Amino acid sequence: MNRWSERMIEAAIRFSGFVSIAFVVMIFLFLLTEGHALFRVTGLTDFLLGRNWHPISTPPQFGILPLLLGSLAVTAGASMMAVPLGIGTAVFIAEVAPKRLAGILKVGVELIAAIPSVVIGFVGMVLVAPVVREFFSLPVGLTAFTGSLMLALMSMPTMVSIAEDAIHAVPRQYKEAALAMGATRWQAIYRVILPAARPGILAAVMLGIGRVVGETMAVMMCTGGAVAIPSTLLQPVRTMTATIAAEMGETVRGSPHYNALFAIGIVLFLITLIINVTADLVIHRGRRDSP
Amino acid sequence: MIKGSDTMVNLVMAWAEQFRADHWGVLVGVTGGGSGTGIAALINGSTDFAMCSREIKPKEVEMARARGVQPKEYLVALDGLAVVVHPDNPVDALTLEQLSAIFSGKIRNWKELGGREAEIVVLSREVNSGTHVYFKEAVLQMGRKDRHDEFGEEALLLPSSQAIADEVAGNPASIGYYGMGYISARQKVVRVAQDNRSGYFAPTAENVVSKKYPISRPLLFYTNGEPEKGSQAAEFLGFISSARGQAIVLKEDFVPARSPDDSAAEEKEP
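These figures come from a predicted structure and were not determined experimentally. (Residues numbered from 1 in each chain as written. Chains lettered and ligands numbered in written order. Predicted model: local features only at pLDDT ≥ 70, side-chain atom pairs only at ≥ 80, totals over all residues. Heavy atoms only, no water.)

(A) Main features of the overall build of chain B. Regarding its fold elements, chain B presents nine helices and twelve strands. For chain B, whose C-alpha radius of gyration is 19 Å, the value lies close to the compact-globule estimate of 18 Å for 270 residues. Each principal axis of the C-alpha atoms in chain B carries an extent, and together these give about 60 × 40 × 35 Å. For chain B, with 270 residues in total, the buried portion stands at 54%. Restricting the contact set of chain B to residue pairs at least 6 apart, pairs at least 24 apart contribute 71%. The distance from the centre of the 29 positive side-chain charges to the centre of the 36 negative ones in chain B is 2 Å. (Helix = DSSP H or I, 4+ residues; strand = E, 2+ residues; numbered from the N terminus. Rg over C-alpha atoms; globule rule 2.2 N^0.38 Å. Buried < 20%, exposed > 50% of the residue type's maximum accessible area, 1.4 Å probe, protein only. Contact = heavy atoms within 4.5 Å. Lys, Arg positive; Asp, Glu negative; His and termini not counted. Charge placed at Lys NZ, Arg CZ, Asp CG, Glu CD.)

Laid out in structure tokens, this is it:
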């Protein structure tokens, strides 16, 4: 009886494992079947390196270079702000702050995750964009920088809670040994705890970046949506996700525009895949290095 | 189900409300998304009416026919697109040629138009909006098929007419466009001339009907084939073209498609 239920549970767990893999494979196959037809109309280099995105003109042009660079600019900007801030917050919560304050901070940061992205987008558009415009004396406040600010905020909960868990998981003896040997608190954090928690912190950073790359609504509302190749962060840009969201409703199933949006989906999928695989490799290497 | 042009959503909702009040138990669902969205939904069979603020494109007719859908067109109202700037902007009248140059990025500073020294911030709707397509054809390409002007790459593509209204109200260097229904005191309406010789006209109902205002357009419904006589769809179309239906058009800040006594719906094959 016991062994029978054991086997049942094992089978159920194995099944759920396979189901999630099957979903990923099926989604990728779906993207491929819907997206590949574009390449009958447009070459791969014209698609990836084309500078003109005029999907509804005659003849249409499907160059996603401005969109790729738009996504890149917003992601880079958001990472530059969120990574130091996120890791700093995690260290503060896990190591420095008194228990009560740490508890309040942790709940506060996690509350950010509960704000719907459309609300964050609205705040960015109505409150932050005019401030950005005034502060940098720009012609318009809906820029990659504005989007980065909002996205940095949105990726904070993911980064902070995972990084904080990783820091917490470092055995207490490491810290105690370091302090016993005369290290200051900062030296213990910087030299002992952070290196020991490195794989977890990297995972936190990667997952945070993954969140930024895939975010759609807030970015669509804050970045202005201009299909231009950005030379600074203070220009309006259009990301790949915003393009798919804004244009999918209009397309007729099976038209080149429809295929092009799915082809963008493939590019996005590959980018997140690369991020995740890199994170995985880094984490495993980190494990082997650590004692 | 009625789906399509965001410009027409408020108008069609007003029609649907009155129609529901007259016909107890009839359900009419109205959603926006853009004219292209409406046509796509008609072709995919997920809506009964597509509301469209531009005429259906030959390519769309072709795709519809390939899927066994025969789009039929009904003129339900007229609309003028207003070009708006911030109230503090001294520029208040432009020709179509100047507008074309502004929106395609050839004129970049208000100084070139007699305004202040400031970079022009061009605001447009997303490409899934019928307003975007109509503005491109009627203003950027000035209605000529041989011109292929596109919006300048600096043009900001905003997701709704309301977003354009808000940005124009808050940004002294911006210029945008939207349906006449969105005109408010927070923006200044620019008078527009066909060319240097013709006069400048404001987007008023009078100027749209007399065709003096150059950026005005038809608002259309498309169905799959002609709706059966006596069906709810046919009754709804009848209601729209009735005097009561057209009175609602005026109330919603659009321009009636016909004089009130003419009750037969105008039909033509696309």
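(B) Looking closely at the layout of surface pockets. The calculated volume of the second largest pocket comes to roughly 420 Å³. Along the wall of the second largest pocket there are 24 residues; nearest its centre are Pro139(A), Pro236(A), Glu119(B), Ile120(B) and Glu154(B). Of all elements in the fold, only helix 4 (96-103) and strand 6 (121-125) of chain B reach the threshold of two or more residues within the lining of the second largest pocket. Per-class residue counts for the lining of the second largest pocket are 16 nonpolar, four polar and four charged. (1 Å grid on protein atoms, 1.4 Å probe; cavity = no way out; pocket = protein on both sides within 12 Å on 5 of 7 lines; lining within 4 Å. Points joined across faces, edges and corners; volume = space filled by probe spheres on them. Nonpolar A, V, L, I, M, F, W, Y, C, P; charged D, E, K, R; others polar.)

(C) Looking closely at the pairing of strand 6 of chain B. Residue and element names in this part refer to chain B. When you tally the buried positions in strand 6, you get five out of five residues, the bulk of the element. The side-chain alternation of strand 6 yields two buried faces, one formed by Val121, Leu123 and Arg125 and the other by Val122 and Ser124. Note that strand 6 and strand 8 (residues 174-179) share two bridges and pair parallel. Residue pairing in the sheet places valine 122 in a bridge with isoleucine 175 of strand 8. Pairing geometry for strand 6 and strand 7 (residues 156-158), over three bridges, is parallel. Looking at strand 7, one finds that serine 124 is bridged to leucine 157. One crossover worth recording links strand 6 to the parallel strand 7 by way of helix 5 (residues 130-140), and it is right-handed. (Pairing = 2+ DSSP bridges. Right-handed = clockwise from strand over helix to strand, strands pointing away.)

(D) Here's a closer look at the side chain of Glu215(A). Residue position: Glu215(A) is located in the loop between helix 9 (198-214) and helix 10 (217-222). Setting aside residues up to four positions removed in sequence, Glu215(A) forms contacts with Ser117(A), Leu151(A), Met154(A) and Thr241(A).

(E) Here's a closer look at a nonpolar patch on the surface. All names here are of chain A. On the surface, a nonpolar cluster with roughly 630 Å² of combined accessible area is contributed by Ile115, Val118, Val119, Phe122, Val123, Val126, Leu127 and Met217. Per-element accounting of the nonpolar patch gives the leading share, six residues, to helix 5 (residues 117-135). Tracing the backbone through its elements, the reader meets methionine 217 in helix 10. Taking relative accessible area as the criterion, methionine 217 reaches 31% and is therefore assigned partly exposed. (Patch = residues over 30% accessible without salt bridge, like charges linked within 9 Å, V, L, I, M, F, W, Y side chains within 5 Å. Areas by Shrake-Rupley, 256 points an atom, 1.4 Å probe, with all protein chains shown as cover. Salt bridge = Lys/Arg side-chain N within 4 Å of Asp/Glu carboxyl O.)

(F) Spotlight on the environment of Leu156(B). On the secondary structure map, Leu156(B) appears in strand 7. The exposure class of Leu156(B) is buried, given its relative accessible area of 1%. Considered as a pair, Leu156(B) and Leu42(B) are 114 residues apart in the sequence and their alpha carbons are 29 Å apart. Once you skip the residues sitting within four places of it in the chain, Leu156(B) turns out to touch Val140(A), Leu142(A), Gly224(A), Ala226(A), Pro236(A), Val122(B), Leu123(B) and Ser124(B).

(G) Looking closely at the confidence of the model for chain B. Residue and element names in this part refer to chain B. Looking at chain B, the pLDDT average stands at 85 and 95% of residues meet or exceed 70. For chain B, the element scoring lowest by mean pLDDT is strand 12 (residues 267-268), at 42; strand 9 (residues 188-193) scores highest, at 93. With pTM at 0.75, the complex prediction returns an ipTM value of 0.72. (pLDDT = per-residue confidence, 0-100.)

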